[in-house]
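# Inside the fold
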Amino acid sequence: MDKIPLNIEPRAQNQGQGQGTTAPVEPKPMLGYIAVGFGLLGIFGPALFFMPLCLVFSVLALLRGQGTWGFVGLLLVVGGFLSSPVLMGLVGLGALWMTIDWPQFLDPILHLFDGGRDV
C-alpha cells in the first residue's frame, strides 16, 4: 500500500503522467465570481444594495490578480448604475443641491410668509 503524502497546498492527480505525480491546482477566482454575481443581481434586482457590493468585490478581485473578472464586475457596476433610477436620482439630487443657490431660491417664499415669523 502506497503512502499518501499529506500537504496543505491544493493539488490534483495528474492522470496522464502515471500514479503518484501531482500538479498544482489553479485557484478559482471566487472574488470575481461574487463580483459578477452581485453585478447581475444589481442590474435585475435592488441596485441600491447590490451595486456597492459589486464595486467592493470588483476592486478586491482586481487587487488579487483576477483582472478579467474584476473588469467585468466594474462594467456591471456602470451598467447597473445607469439602469437604476434610484441611484441616478440620488446623484441627480446631489448635483441639484450643489448647483442651486438655496437661500436665493427660497427667498421669495420666505418673504411671502414674512420671514417665517408668527403673527
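Everything quoted here is computed from the prediction, not taken from an experiment.

## Let's talk about a nonpolar patch on the surface
- A surface patch of nonpolar side chains, about 630 Å² in accessible area, is lined by F105, L106, I109, L110, L112 and F113.
- As for its placement among the helices and strands, F105 is situated in helix α5 (residues 102–112).
- Of the residues examined, F105 reaches a relative accessible area of 49% and is grouped as partly exposed.

## Some points on the packing of aromatic side chains
- Counting across every chain of the model gives four aromatic pairs.
- Ring centres of F38 and F50 lie 5.7 Å apart, and the angle between their planes is 25°; on these two criteria the pair is classed as stacked. In this pair, F38 is assigned in helix α1 (residues 30–44) and F50 in helix α2 (residues 47–63), connecting sequence segments twelve residues apart. The same class applies to F38 as to F50, namely buried.
- One aromatic cluster is present, formed by F38, F49, F50 and F57 through successive ring pairs.

The rules behind the values
- Residues numbered from 1 in each chain as written.
- Predicted model: local features only at pLDDT ≥ 70, side-chain atom pairs only at ≥ 80, totals over all residues.
- Heavy atoms only, no water.
- Patch = residues over 30% accessible without salt bridge, like charges linked within 9 Å, V, L, I, M, F, W, Y side chains within 5 Å.
- Areas by Shrake-Rupley, 256 points an atom, 1.4 Å probe, with all protein chains shown as cover.
- Salt bridge = Lys/Arg side-chain N within 4 Å of Asp/Glu carboxyl O.
- Helix = DSSP H or I, 4+ residues; strand = E, 2+ residues; numbered from the N terminus.
- Buried < 20%, exposed > 50% of the residue type's maximum accessible area, 1.4 Å probe, protein only.
- Phe/Tyr/Trp six-rings, centres within 6.5 Å; stacked < 30°, edge-to-face > 60°.

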